[in-house]
Amino acid sequence: MAGAATQASLESAPRIMRLVAECSRSRARAGELRLPHGTVATPVFMPVGTQATMKGITTEQLDALGCRICLGNTYHLGLRPGPELIQKANGLHGFMNWPHNLLTDSGGFQMVSLVSLSEVTEEGVRFRSPYDGNETLLSPEKSVQIQNALGSDIIMQLDDVVSSTVTGPRVEEAMYRSIRWLDRCIAAHQRPDKQYLFAIIQGGLDADLRATCLEEMTKRDVPGFAIGGLSGGESKSQFWRMVALSTSRLPKDKPRYLMGVGYATDLVVCVALGCDMFDCVFPTRTARFGSALVPTGNLQLRKKVFEKDFGPIDPECTCPTCQKHSRAFLHALLHSDNTAALHHLTVHNIAYQLQLMSAVRTSIVEKRFPDFVRDFMGTMYGDPTLCPTWATDALASVGITLG
Amino acid sequence: MVCWQSVSVWSVAGRVEMTVSKFMAIQQALQPDWFQCLSDGEVSCKEATSIKRVRKSVDRSLLFLDNCLRLQEESEVLQKSVIIGVIEGGDVMEERLRSARETAKRPVGGFLLDGFQGNPTTLETRLRLLSSVTAELPEDKPRLISGVSRPDEVLECIERGVDLFESFFPYQVTERGCALTFSFDYQPNPEETLLQQNGTQEEIKCMDQIKKMETTGCNQEITSFEINLKEKKYQEDFNPLVRGCSCYCCKNHTRAYIHHLLVTNELLAGVLLMMHNFEHYFGFFHYIREALKSDKLTQLKELIHRQAS
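For clarity, every value in this text was computed on a predicted model and none was experimentally measured.

**Quick look at the sheet that holds strand E7 (residues 118–120) of chain A**
All names here are of chain A. Reading across from one edge, E7-E8-E9 is the order of the three strands in this open sheet, with antiparallel pairing throughout. Whereas interior strands pair on both sides, the edge strands pair on one side only; in this sheet they are E7 and strand E9 (135–138). Each adjacent strand pair in this sheet contributes to an overall mean axis angle of 20°, direction not counted. As paired strands, strand E8 (residues 125–128) and E9 are joined by four bridges and run antiparallel to one another. Pairing of Phe-127 across the sheet is with Thr-136, part of E9.

This is the structure in structure tokens:
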């Protein structure tokens, strides 16, 4: 059932990850990704700019926050404005004028999120466009072709994605098919020296399936691996176990990208479990609902309690929003008829995520990551022992105890 | 709704009865550099107003002004703030003149000409009123006008003695997904002129009919001072919005990109367009000042009128 590794790529994949430090207790690592558009320090959080824009903020603002890699989405961009146009515009970098790195998702996740519009066969995913009703087939070859046109630094294989709440034979089918699609992606990839193709480990919440997938995919010499099929509706208890299983079987000298994560606690725990790269729409999405991320959780700035609160969102935060504006001002803006607050909050929330990752990295380099984790949990939950059970278990599994 | 004690306005919090004391209390809190005095401008919101009503609007506005001035004198916090007197009087010449003369007698820092907002046709009929009003005002105090923002109308008002304008026009242009592209360099170098002319001809060819656009809160027609970035022809246009413009948008992005942002309903579209439209509009005003200094306003006016539909 598993396709033998094709002979399509005879060259060994570039080693793009350099490890700078490792935690002596947990699996946390600090490193550097060497990518065509510059170096990226890991662990890294990658904001999601689905349609060639980070919702409401300019590339200059994003650069000023220290972001060096962000996401674009193949499915969306493939429809609008389309790969031909983007190629004419000097790739996605040229089109959106982003000088740093880009990672494009393959369109696989849309199979889950837009499941009513899609149909999966061995050939690929057939989507019905919500804009004009036209049908498109997204095959592994097509996905890679689009991503080649987009010119993103890291491209993702097209995987057969099932929701983590799905059980039964479909999960196994999807896992094996993802391996076959990985081989097809590798074969179709026209620019392996300029764009790094990552594999995506599937297998749902089944340890055996995941283990099989890991064994097979790590036989392919790709520059990096993503852990997929999680961060859906599964329980956190199952979630962390699959992450831990994955990192235990992935090569140490290649980056581990945990897709769709996320919340601050999840980021910290998954760094402890050995992940290097993360992406999630949460911080930017929650900003547009008026929620500001802070070390103790979040502030719902629309609430009356902030009406006369003249402090910044976070006095420790160095982002432009916290340097210039008060909670009271943002509260007033949120109750006005324009979108100004959303822009300010997007800037802050991205800053929060990036500053968090930076602090995590520094603690790994300075050999005090376990203490950092304890402080973080203490601030977030009031007391390290009040940390959610799943997180406590996950951390314990890699040698970090809380309180 | 206006009476002798107050002007009622409707806000997100419901109806607010703005009395002079409430109004001045707000000014004390805001501590503005300049503030427009409370006035009765209701006649400009209504069709066919009686002379009696117009007269009342002038009287009430003067009463409000005198009361505000008195309260300002008593307020330490407002000593540095400047009150702008509001000239009312609807479309009645006699009342306009009375309002101007009487307001000018008060120690105001400047004058706001109210009631000239409307559409281009209504402004044309009011331009004579405007000239007569400004003739009554002291030379050494600024004249502001509300509700006039289009480039051609701005020039008409400047010729008649107006100094300050609101900049809602570039905002409206942004809201309908458009970018200001009109030319205001009345003394370009010959090469630039040729390029501009070619560009303008293109625009005119495709703009035989002015399209009506319904956007949020904005039932304005697209003017000939702008281009509509939603149009399919910009899909592959990798030029900046305006060649030579030094705004952030033009230095960093293309028409094709803005088109994409508009088509996909992305928030960034408005951000970038607003930056450009403000820069363009303020650039226009820079050229107005230069034209006035070098006595070339006629050339600028001709240039703008050539582009007005």
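**Focus: helix H8 (residues 207–217) of chain A**
Every buried residue belonging to H8(A) is among A:Leu209, A:Arg210, A:Ala211, A:Cys213, A:Leu214, A:Glu216 and A:Met217, and all of these are buried. Looking at where H8(A) begins, the residue whose side-chain oxygen comes 2.8 Å from the main-chain nitrogen of A:Asp208 is A:Asp206.

**Quick look at the sheet that holds strand E3 (residues 38–42) of chain A**
Residues and elements named next belong to chain A. If you trace the three strands from one edge of the open sheet to the other, you get E1-E2-E3, paired in antiparallel fashion. Whereas interior strands pair on both sides, the edge strands pair on one side only; in this sheet they are strand E1 (17–22) and E3. The average angle at which neighbouring strand axes cross in this sheet is 15°, direction not considered. Summarising the sheet, strand E2 (residues 29–35) and E3 pair through five bridges and their orientation is antiparallel.

**Brief notes about the nonpolar core**
Judged by nonpolar contacts, the single largest core of 132 residues is most densely connected at A:Phe278, A:Leu356 and A:Phe369. A per-element tally of this core places helix H14 (residues 340–365) of chain A first, with 12 residues. Residues B:Val2, B:Phe23, B:Val162 and B:Phe169 belong to the second largest nonpolar core, which totals 58 residues.

**Considerations on the domain arrangement of chain B**
All names here are of chain B. Looking at chain B, the domain boundaries give domain 1 (16–166) and domain 2 (171–184 + 225–308). Taking the mean C-alpha position of each, domain 1 and domain 2 sit 31 Å from one another. Facing 11 residues of domain 1, the contacting portion of domain 2 comprises 13 residues. Around 1000 Å² of area is buried between domain 1 and domain 2 when both sides are counted, 78% of it from carbon and sulfur atoms. Our enumeration of links across domain 1 and domain 2 arrives at two salt bridges. Ionic pairing is found between Lys-301 and Glu-156, a salt bridge with its closest N-O pair at 3.9 Å. Run the count over domain 1 and domain 2 and you get three residue pairs in polar contact (both at pLDDT 80 or more). If one sorts the elements of the side of domain 1 that touches domain 2 by residue count, helix H5 (residues 151–159) sits on top with seven residues. Considering only residue class, the side of domain 1 that touches domain 2 consists of five nonpolar, one polar and five charged.

**Some points on the UniProt feature "binding site: Zn(2+)" (unreviewed entry) in chain A**
All names here are of chain A. UniProt tags Cys-317, Cys-319, Cys-322 and His-348 as "binding site: Zn(2+)" (unreviewed entry). These residues run over 32 residues, yet every pair of their C-alpha atoms falls within 8.3 Å of each other. With respect to the secondary-structure elements, Cys-322 resides in helix H12 (residues 320–324). In contact with His-348, other than residues within four places in its own chain, are Ala-292, Leu-293, Ile-313, Asp-314, Cys-317, Cys-319, Thr-321 and Cys-322.

**Considerations on the UniProt feature "active site" (unreviewed entry) in chain A**
Residues and elements named next belong to chain A. The sites that carry the UniProt feature "active site" (unreviewed entry) are, in the present numbering, Asp-105 and Asp-279. In summary, the annotated positions, though distributed over 175 residues, converge in three dimensions, the widest C-alpha pair being only 10.4 Å. Note that Asp-105 resides in strand E6 (residues 101–105). Non-local contacts of Asp-105, meaning those with residues more than four positions away in its chain, are made with Gly-72, Asn-73, Thr-74, Gln-110, Gln-147, Met-156 and Met-259. By relative accessible area, which is 9% here, Asp-279 ends up buried. Every residue in contact with Asp-279, bar those within four places of it in the chain, is listed here: Phe-45, Met-46, Val-48, Leu-71, Tyr-257, Leu-258, Met-259, Gly-260, Val-261 and Gly-262. A polar atom in the side chain of Asp-279 sits 2.8 Å from the side chain of Tyr-257.

**Overview of the confidence of the model for chain B**
Residues and elements named next belong to chain B. Model confidence for chain B is summarised by a mean pLDDT of 89, while 89% of its residues fall at 70 or above. Below pLDDT 50 for its whole length, residues 201–219 participates in 29 contacts with residues either more than four positions away or in separate chains. Two numbers describe this predicted complex: its pTM, 0.91, and its ipTM, 0.92.

**Structural notes on the pairing of strand E5 (residues 110–113) of chain B**
All names here are of chain B. The side-chain alternation of E5 yields two buried faces, one formed by Gly-110 and Leu-112 and the other by Phe-111 and Leu-113. In the classification by handedness, the crossover that spans strand E4 (residues 82–87), the intervening helix H3 (residues 93–105) and the parallel E5 is right-handed. Here three bridges tie E5 to strand E6 (residues 143–145), and the two strands are oriented parallel to one another. Bridge pairing links Leu-112 to Leu-144 in E6.

**Considerations on the interface of chain A and chain B**
Counting from both sides, the interface comprises 21 residues of chain A and, opposite them, 18 residues of chain B. Summed over both sides, the interface between chain A and chain B buries roughly 1700 Å², with carbon and sulfur atoms accounting for 62% of that surface. Linking chain A with chain B are two salt bridges, by the criterion used here. Between A:Lys55 and B:Glu266 there is a salt bridge, with the nearest N and O atoms lying 2.7 Å from each other. Counting across the chain A and chain B interface gives nine residue pairs in polar contact (both at pLDDT 80 or more). Looking at the side of chain A that touches chain B, the elements with two or more residues in it are helix H1 (59–64), helix H3 (83–88) and helix H4 (91–96) of chain A. Considering only residue class, the side of chain A that touches chain B consists of eight nonpolar, eight polar and five charged.

Thresholds, definitions, all that
- Residues numbered from 1 in each chain as written.
- Chains lettered and ligands numbered in written order.
- Predicted model: local features only at pLDDT ≥ 70, side-chain atom pairs only at ≥ 80, totals over all residues.
- Heavy atoms only, no water.
- Pairing = 2+ DSSP bridges.
- Helix = DSSP H or I, 4+ residues; strand = E, 2+ residues; numbered from the N terminus.
- Axes fitted to C-alpha atoms, helices over the stretch in contact; angles between N-to-C directions.
- Buried < 20%, exposed > 50% of the residue type's maximum accessible area, 1.4 Å probe, protein only.
- Polar contact = N/O pair within 3.5 Å; in protein donor to acceptor, adjacent residues only side chain to side chain.
- Core = buried A, V, L, I, M, F, W, Y, C linked by side-chain atoms within 4.5 Å.
- Domains from an automatic or database assignment.
- Contact = heavy atoms within 4.5 Å.
- Buried area = accessible area lost by both parts, 1.4 Å probe.
- Salt bridge = Lys/Arg side-chain N within 4 Å of Asp/Glu carboxyl O.
- Nonpolar A, V, L, I, M, F, W, Y, C, P; charged D, E, K, R; others polar.
- UniProt positions renumbered as here; feature names shortened; annotations may be inferred.
- pLDDT = per-residue confidence, 0-100.
- Right-handed = clockwise from strand over helix to strand, strands pointing away.

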